[in-house]
Amino acid sequence: METMAARFGEPTASMSKATLDANSTKSATDELDCDVVVVGAGVSGLQAAFDLAKKGYDCILLEASDYVGGRIKTARLGDKTYNVGARFIHGKENNVLFDLYEKNGWGSHDMPTDYPSHLYDPDNLGNTSLIIDEAKKRDVGVDHMFQLFDMMTTEELHDRKDATMAEFLTSNGLGEALLPLATAIWASDRGSSVESAGIFECQMAERGWQYGDTDSMPDSSTFQPLIDHLSEPLRGKIRLNCVVTRIDSSSSDDDRRRNGCDTVAVEYVITGSDNISRGSDMLQTLVARAVIVSVPLPVLQRGIIRFTPPLSVERQEALARLQAFPILGIILRFRERPWPKHMNN
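In this numbering scheme, every chain counts its residues from 1 along its sequence in written order. Only residues with pLDDT of at least 70 get local features here, since the model is predicted, and only at 80 or more are side-chain atom pairs given and counted; chain-wide, interface and lining totals rely on the full set of residues. Side-chain metrics rest on all non-hydrogen atoms present in the structure, leaving aside hydrogens and water.

Visitor: Please clarify how the overall build of the protein should be interpreted in this entry.
Guide: Only DSSP runs of H or I covering at least 4 residues are called helices, and only runs of E covering at least 2 are called strands; the numbering of each starts at the N terminus. Across its full length, the protein carries 12 helices and 11 strands. Here, two residues are considered to be in contact whenever any of their heavy atoms come within 4.5 Å of each other. Restricting the contact set of the protein to residue pairs at least 6 apart, pairs at least 24 apart contribute 68%. A total accessible area of about 20,200 Å² is found for the protein, and carbon and sulfur atoms account for 51% of it. Here, Shrake-Rupley sampling with a 1.4 Å probe gives the accessible areas, and only protein chains in the shown set may cover a residue.

Set out below in structure tokens:
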């Protein structure tokens, strides 16, 4: 495994300067501003900079938005604070996030399971089912659907690896009228549908899950303790409203002789909170030994960041094949509870 020193060099004893003139046109031939520039101050970017800072590396984070945390964001509704991004800790086993909460005493509690399947399967979680026990109503088609879900995760399906989940279900006797329910129970949680999800990929995902069946909710109802923890050693090193436009890693032999290593120049534009550029005079450049790019997939796919030299053909093709979709979270506040009392939550 490549060590940090092999990848980034030894940490610098001191940096030349941490900030630049607003009118600077600095290039990769100038002095280093830091060891590593991290593009994106979401959790992965924060974690990378956190680990490097703990090893003595000087990092600067550039974040395009006006807050730190990326998909972890909180908002107030009335007198309460809510997560509008990540909501809970998904699985307590082999989970570094859960272990971090336990280690630091931030507090968390087990969540009553609320996946869609539990609303339709009375044998799965008993009193949370939409099917009232005393009614003794059972739908044979729904029962068969859950049997096929079990079959999908336990039986070898190599001969069906090109089939969709819908093709697998219908070929095993499930009526097409139940496919929307199958999507709601199984596929929508994965940002897909049974018509587009591959059966073999679904099986591999289920078999590869190693985090257990119990989810956990932070006691604070937000992940702010995590963001504060990761940001602590990076005080003064995070720059908000900074949109990176170009990353130039084409350092010359002169650059290497001057700085003693390969260098990367990162160009960025300072914007207001409305993400409108304040003019070309706000174009700035940081020079570092390395750059870590931790941005959402669509940012790379849309070419918002230009790379010099360009990314390899293999990486560009891989980026083009990947897909990422937004998840819409809706918070509803009721005066009275609208769901049955026999259900959890």
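Visitor: Mind showing me how you'd approach the pairing of strand β3 (residues 74-77) here?
Guide: Where a strand is regular, its side chains alternate between the two sheet faces. One ladder, built from four bridges, connects β3 with strand β4 (residues 80-83); its direction is antiparallel. Bridge pairing in β4 places threonine 74 opposite asparagine 83. With antiparallel pairing between neighbouring strands as the criterion, β3 and β4 make up a hairpin whose turn holds two residues, including glycine 78 at a positive phi of roughly 65°. Criterion used throughout: strands pair if DSSP finds at least two bridges between them.

Visitor: So what exactly am I meant to see when it comes to helix α5 (residues 140-154) here?
Guide: Since the α-helix turns once every 3.6 residues, residues separated by three or four places project in the same direction. For α5, spanning 15 residues, the distance from its first C-alpha to its last is 21 Å, which sits close to the expected 21 Å at 1.5 Å a residue. For α5, the full list of buried residues reads Val142, Met145, Phe146, Leu148, Phe149, Met151 and Met152. Of the surrounding secondary structure, the elements contacted by the buried residues of α5 are α6 (165-171), α7 (179-187) and α8 (199-208). Multiplying one less than the number of residues by 1.5 Å gives the expected span of a helix. For every residue, the accessible area obtained with a 1.4 Å probe (protein chains only) is divided by the maximum for its type, and the residue is called buried under 20%, exposed over 50%, and partly exposed between those limits.

Visitor: Sorry, what's going on with the state of the cysteines here?
Guide: Cysteine sulfur atoms are paired as a disulfide whenever they fall within 2.5 Å. Considering all chains together, one arrives at zero disulfides under this definition. In this model cysteine 59 remains outside any disulfide bridge; the closest cysteine sulfur is found in cysteine 34, 7.0 Å from its own.

Visitor: Please clarify how the pairing of strand β9 (residues 264-270) should be interpreted in this entry.
Guide: Counting buried residues in β9 gives six out of seven residues, a clear majority hidden from the surface. Where strand β8 (residues 242-248) and β9 come together, six bridges link them in antiparallel fashion. Paired with arginine 246 across the strands is glutamate 267, a residue of β9.

Visitor: Can you help me understand the pattern of salt bridges in this one?
Guide: When the charged atoms of two side chains lie near each other, side chains of opposite charge can form a pair. Throughout this description, the term salt bridge denotes a Lys or Arg side-chain nitrogen within 4 Å of a carboxyl oxygen of Asp or Glu. Inspection of the entire model under this criterion finds seven salt bridges. The salt bridge partner of aspartate 35 is arginine 289, with a shortest N-O separation of 3.5 Å. One end of the pair, aspartate 35, is in strand β1 (residues 34-39); the other, arginine 289, is in strand β10 (residues 283-293), with 254 residues separating them in the sequence. Classification of aspartate 35 by relative accessible area gives buried; the value is 0%. Between aspartate 110 and lysine 92 there is a salt bridge, with its nearest N and O atoms 2.8 Å apart. Taken together, the residues span a long stretch of sequence, with aspartate 110 in strand β5 (residues 108-110) and lysine 92 in the loop between β4 and α3 (96-104) at a distance of 18 residues. Among the residues examined, aspartate 110 registers a relative accessible area of 43% and is labelled partly exposed. The partly exposed category is assigned to lysine 92, whose relative accessible area is 27%. Within the structure, one salt-bridge network assembled from shared partners comprises Arg246, Asp248 and Glu267.

Visitor: I tried to follow the packing of aromatic side chains on my own but got confused; where do I start?
Guide: For any pair of aromatic rings, the description rests on two quantities: the centre-to-centre distance and the angle between the ring planes. Aromatic pairs are defined between Phe, Tyr and Trp rings, using the six-membered ring for Trp, whenever the two ring centres lie within 6.5 Å; interplanar angles under 30 degrees are classed as stacked, those over 60 as edge-to-face, and all others as tilted. Under the defined criterion, the tally for this structure stands at four aromatic pairs. Clustering of aromatic rings is evident, with ring pairs tying together Tyr101, Trp106 and Phe223.

Visitor: Even after reading the chapter, I still don't get the packing of α3 against helix α9 (residues 224-231), so can you show me in this structure?
Guide: Axis angle and axis distance: for two packed helices, these are the angle between their axes and the distance between the axes, and together they describe the pair. Running from N to C, α3 and α9 point in directions that differ by 80°, and their axes come no closer than 11 Å. Comparing the axis directions of α3 and α9 gives the class roughly perpendicular. Here Leu97, Leu100, Tyr101 and Asn104 of α3 lie close against α9, whose contacting residues are Pro225, Leu226 and His229. Three categories are distinguished: nonpolar for Ala, Val, Leu, Ile, Met, Phe, Trp, Tyr, Cys and Pro, charged for Asp, Glu, Lys and Arg, and polar for the others, with Gly belonging to the last. Taken together, the residues of the contact of α3 with α9 sort by class into five nonpolar, two polar and no charged. Here an axis means a line fitted to C-alpha atoms, over the contact stretch when the element is a helix, while the angle between two N-to-C directions is reported on a 0 to 180 degree scale. Roughly parallel means an angle under 35 degrees; roughly antiparallel, over 145; roughly perpendicular, 65 to 115; everything else is oblique.

Visitor: I tried to follow the side chain of serine 216 on my own but got confused; where do I start?
Guide: Along the chain, serine 216 falls in strand β6 (residues 216-218). For this analysis, a polar contact is any N or O atom pair within 3.5 Å, provided that within protein one partner can donate a hydrogen and the other can accept it, and provided that sequence-adjacent residues contribute only side-chain to side-chain pairs. Of the polar contacts made by the side chain of serine 216, one reaches the side chain of serine 108; its length is 3.0 Å. Here serine 216 is in contact with Phe88, Ile89, Lys92, Phe98, Ser108, His109, Asp110 and Met111, once residues within four sequence places are set aside.

From the geometry alone we can't say anything about function, so treat these as descriptive.
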